[in-house]
Amino acid sequence: DCLYVGAGMQNNALGKILVENELGGLEFICSIPGCVGGLLRTNAGCFGADTAAVLQKARVMDGNGKIIEVPAAEFAFGYRSSAFPSDWIVLGVYLKYQKASKEQIEAVIRQNAEYRKTHQPQNVRTAGSTFKNPEGYKAWQLIKESGADVLQIGGARMSPHHCNFLVNDGTATAKDIEDLMEAVTKTVKAHSGVDLVSEIKIVGNR
Ligand SMILES: Cc1cc2nc3c(=O)[nH]c(=O)nc-3n(C[C@H](O)[C@H](O)[C@H](O)COP(=O)(O)OP(=O)(O)OC[C@H]3O[C@@H](n4cnc5c(N)ncnc54)[C@H](O)[C@@H]3O)c2cc1C
């Protein structure tokens, strides 16, 4: 059973549709900032689920302007990665759901929102998780244990609420942010030998 959602729908607006139609298993999407079309390239996910697990197929415009439907398997999803071609545009997605009650769906959406409120920084300038979790580790734990959680460069620092979230106090330059990411990566490498990899795509120059 699949739900078709247009790429321009905001993820948090999906919640109402899930509740009204009793469509479970897609609640995690509602808490990810952004639009449905943005879920595919990074295989966005949270709370133990990801886009790969719920996507049946996508309606896309390919590099030649042709509209086609492509099965999820063709995107070779990995952890926060995919082989989604850079010149394709997502037009809509077919998402697999399981029937659930309104109450169950509302409860999951509420719990997820509550978790974010209590465990992640709110109303700050951040791009979300800064580094991917290396296999077998949690990025935040490696950062904390290395002492890199207290690093600060200019207006950029790791959030005291969740040290894998880099936050800009409003005065940080792009250089501050990239320098801090580099400093955190080096500190973690020196402490644990683990290489942190950015979850954030950097555009432009420092
Ligand atoms: C506070 C915070 C918390 C976050 N938590 C999470 C989380 O828990 N899990 C997670 O995975 N991410 C998380 N993120 C990151 C972000 O929300 C996700 O990556 C989200 O999917 C981005 O959606 P977007 O619509 O903003 O896409 P964008 O950031 O604009 O784009 C993301 C990528 O998708 C491509 N893209 C966007 N739309 C389309 C389209 N229609 N067709 C083709 N390509 C497209 C872009 O070119 C880009 O490469 C978080 C971010 C913040 C700020």
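Every value quoted in this text rests on a predicted model; they were computed, and no experiment measured them. (Residues numbered from 1 in each chain as written. Predicted model: local features only at pLDDT ≥ 70, side-chain atom pairs only at ≥ 80, totals over all residues. Heavy atoms only, no water.)

### Structural notes on the side chain of H162
Residue placement: H162 occurs in the loop between β11 (156-158) and β12 (165-168). With relative accessibility at 18%, the residue H162 sits in the buried group. In contact with H162, not counting residues within four places along its chain, are H119, Q120, P121 and W140. (Helix = DSSP H or I, 4+ residues; strand = E, 2+ residues; numbered from the N terminus. Buried < 20%, exposed > 50% of the residue type's maximum accessible area, 1.4 Å probe, protein only. Contact = heavy atoms within 4.5 Å.)

### Re the sheet that holds strand β6 (residues 67-71)
Ordered in space as β1-β7-β5-β6, the four strands form an open sheet in which the pairing is antiparallel. The open sheet is flanked by β1 (2-6) and β6, the only strands paired with a single partner. On average, adjacent strands in this sheet sit at an angle of 20 degrees to one another, irrespective of strand direction. The sheet contact formed by β1 and strand β7 (residues 89-96) spans five bridges and is antiparallel. Opposite L3, over in β7, you have L95 as the bridge partner. (Pairing = 2+ DSSP bridges. Axes fitted to C-alpha atoms, helices over the stretch in contact; angles between N-to-C directions.)

### Structural notes on the packing of helix α1 (residues 14-21) against helix α3 (residues 102-119)
At their nearest, the axes of α1 and α3 sit 7 Å apart, and the two run at 155 degrees to each other. Viewed along their axes, α1 and α3 adopt a mutual orientation that is roughly antiparallel. In the packing of α1 onto α3, the handedness of the crossing is right-handed. The residues of α3 that touch α1, namely those facing G15, L18, V19 and E20, are K102, I105, E106 and I109. Tallied by class, residues from the contact of α1 with α3 come to four nonpolar, one polar and three charged. (Parallel < 35°, antiparallel > 145°, perpendicular 65-115°, else oblique. Left-handed = near helix turned anticlockwise from the far one by under 90°. Nonpolar A, V, L, I, M, F, W, Y, C, P; charged D, E, K, R; others polar.)

### With respect to the state of the cysteines
Taken as a whole and judged by the stated rule, the model has zero disulfides. No disulfide involves C2; its sulfur sits 16 Å from that of C30, the nearest cysteine. The cysteine C35 is free of any disulfide, with C30 supplying the nearest cysteine sulfur at 13 Å. Taking the relative accessible area as the measure of exposure, C35 reaches 31% and is therefore partly exposed. (Disulfide = S-S within 2.5 Å.)

In short, geometric facts, not functional conclusions.
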